[in-house]
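Chain by chain, the residues:
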Amino acid sequence: DAGVIQSPRHEVTEMGQEVTLRCKPISGHNSLFWYRQTMMRGLELLIYFNNNVPIDDSGMPEDRFSAKMPNASFSTLKIQPSEPRDSAVYFCASSSRTGVNTGELFFGEGSRLTVL
Amino acid sequence: AQSVTQLDSQVPVFEEAPVELRCNYSSSVSVYLFWYVQYPNQGLQLLLKYLSGSTLVKGINGFEAEFNKSQTSFHLRKPSVHISDTAEYFCAVRAQGGSEKLVFGKGTKLTVNP
């Protein structure tokens, strides 16, 4: 089976530009997570969805960030306008509820964003 | 809320030596515990997990971890490391029931030298 697919893998943009990161979760998984990884702050949960509905967006830094999940197979994370401090690796992960909800996450390979 | 402290940011060891990566957690409710590994330029992948039952958990690649509730610890161990174990290791915690939010520690960079 294909894993979590993220695009683009690398993005270099200039301050003020709009950035859209994309994620395709594993088929059949009903929870999707967006994490941001930086050297200073480690892995931070930005938002997660369950059955396409945002459940917890308390980690979204500010109004410049928005995330959507229009269907079970696609999610986007948008930054508008982007700033240099948004430079990070953004990970998407998905999980499924099995007989015991173990919380195991399956991660994509990440989107490395550089804002100049 | 839950939190995770990984006491060592970097651990250098020689090949075939044993290693222990330390993890302590804080939570007011019962938790599930996880260790993930991240190889360079890749996403995280699950090494092992503690859900319930035996406090000694075995994972992939010869790693194991022991849950100690009284010390709120979940240390990761391997009796003999290989060069290929060089990676960053993350401890994570999730409250049982309720939110699926997984909280990660800041990671421990394990470097295995020949």
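Scroll up to find the structure this text is about.
Residues numbered from 1 in each chain as written. Chains lettered and ligands numbered in written order. Predicted model: local features only at pLDDT ≥ 70, side-chain atom pairs only at ≥ 80, totals over all residues. Heavy atoms only, no water.

### Here we look at the overall build of chain B
Looking only at helices and strands, chain B has 0 helices and 12 strands in total. Its helices and strands taken in sequence order, chain B reads β-β-β-β-β-β-β-β-β-β-β-β from the N to the C terminus. In terms of overall size, chain B behaves like a compact globule, its C-alpha atoms giving a radius of gyration of 14 Å where 114 residues would be expected to give roughly 13 Å. Dimensions of chain B along its principal axes, counting C-alpha atoms only, are 45 × 30 × 20 Å. Carbon together with sulfur atoms contributes 50% to the accessible area of chain B, which is approximately 5,400 Å² in total. (Helix = DSSP H or I, 4+ residues; strand = E, 2+ residues; numbered from the N terminus. Rg over C-alpha atoms; globule rule 2.2 N^0.38 Å. Areas by Shrake-Rupley, 256 points an atom, 1.4 Å probe, with all protein chains shown as cover.)

### Some remarks on the state of the cysteines
All names here are of chain A. Counted by the stated rule, this structure contains 2 disulfides over all chains. Each sulfur in the disulfide pair C23 and C92 lies 1.9 Å from the other. Disulfide C23 to C92: torsion about the S-S bond roughly -70°, handedness left-handed. Residue C23 is found in strand β3 (residues 19–24), and its partner C92 is found in strand β9 (residues 88–95); the two are separated by 69 residues along the sequence. (Disulfide = S-S within 2.5 Å.)

### What to know about the interface of chain B and chain A
Listed by partner, the interface residues are 19 residues for chain B and 26 residues for chain A. Residue E104(A) is joined to K49(B) by a salt bridge in which the shortest nitrogen-to-oxygen separation is 3.6 Å. For the pair chain B and chain A, the number of links is 5 residue pairs in polar contact (both at pLDDT 80 or more). Contributing elements (two or more residues each) for the side of chain B that touches chain A: β5 (31–38), β6 (44–50) and β10 (87–95) of chain B. With 4 residues, β5(B) is the single largest residue contributor to the side of chain B that touches chain A. Considered class by class, the residues forming the side of chain B that touches chain A number 9 nonpolar, 5 polar and 5 charged. (Contact = heavy atoms within 4.5 Å. Salt bridge = Lys/Arg side-chain N within 4 Å of Asp/Glu carboxyl O. Polar contact = N/O pair within 3.5 Å; in protein donor to acceptor, adjacent residues only side chain to side chain. Nonpolar A, V, L, I, M, F, W, Y, C, P; charged D, E, K, R; others polar.)

### Here we look at the pattern of salt bridges
Residue and element names in this part refer to chain B. One pass over the full model with this rule turns up 15 salt bridges over all chains. A salt bridge links D8 to R22; the nearest nitrogen and oxygen atoms lie 3.0 Å apart. One end of the pair, D8, is in the loop between β1 (3–5) and β2 (10–14); the other, R22, is in the loop between β3 (19–21) and β4 (24–26), and 14 residues separate them in sequence. Note on R22: relative accessible area 32%, which makes it partly exposed. As a salt-bridge pair, E20 and R77 come within 2.8 Å of each other at their nearest N and O atoms. Separated by 57 residues along the polypeptide, E20 in strand β3 and R77 in strand β9 (residues 73–78) bring together distant segments of the chain. With a relative accessible area of 35%, E20 lands in the partly exposed category. For R77, a relative accessible area of 27% corresponds to the partly exposed category. (Buried < 20%, exposed > 50% of the residue type's maximum accessible area, 1.4 Å probe, protein only.)

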